[in-house]
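So you can see what is in the structure, the chains are spelled out below.
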Amino acid sequence: MDASLRAWKLPTWSPAQARLQFAKLGLTERAGTFDRYFAAPGEKAMAYSRTKKHFRYWFGTDTLALARESALRECRKAAPDCVIAFENDRAMLPD
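As a starting point, this report considers the structure included with it. (Residues numbered from 1 in each chain as written. Predicted model: local features only at pLDDT ≥ 70, side-chain atom pairs only at ≥ 80, totals over all residues. Heavy atoms only, no water.)

**Details of unusual backbone geometry**
Then, number 1: The backbone of K53 sits at a positive phi, close to 50°, despite the residue not being glycine.
Then, number 2: Considering the arrangement of structural elements, one finds K53 in the loop between β1 (43–49) and β2 (54–61).
Then, number 3: The partly exposed category is assigned to K53, whose relative accessible area is 43%. (Helix = DSSP H or I, 4+ residues; strand = E, 2+ residues; numbered from the N terminus. Buried < 20%, exposed > 50% of the residue type's maximum accessible area, 1.4 Å probe, protein only.)

**A word on the sheet that holds strand β3 (residues 83–87)**
Then, number 1: What the 4 strands build is an open sheet, ordered β2-β1-β3-β4; its pairing is antiparallel. The open sheet terminates on both sides in strands that have one partner only, identified here as β2 and β4 (90–91).
Then, number 2: Direction of pairing for β3 relative to β4: antiparallel, over a ladder of 2 bridges. Following the sheet pairing, F86 is matched in β4 by A91. (Pairing = 2+ DSSP bridges.)

**Focus: the pairing of β1**
Then, number 1: With respect to burial, β1 is a largely interior element, 6 of its 7 residues being buried.
Then, number 2: In this sheet, β2 lies alongside β1 in antiparallel orientation, the contact comprising 7 bridges. By the bridge assignment, S49 is partnered in β2 with H54.
Then, number 3: Between β1 and β2, which pair antiparallel and follow one another directly, the connecting turn spans 4 residues, one of which, K53, has a positive phi of 50°.
Then, number 4: In this structure, β1 lies alongside β3, joined through 4 bridges in antiparallel fashion. Bridging across to β3, Y48 finds its partner in V83.

As structure tokens, then:
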């Protein structure tokens, strides 16, 4: 979706902006995965654990609630402190 938005010169996150947000979370080693999150279609959410520097995302769902629930469920398999970091392209964590 983001590639289409860029082609039409409509607002979206650039790869540089995505990498900057990823770096703020301390996850610079997997920046390519973060780029793929922003390019993923449909409703999407990313859950993140501050203590384990672990994240999981879910995309392509019909509702944001389902994407959020699925991302949290998968993230919490590895870390109990997972919270939603992004809903679609909107950052949810305070700076």
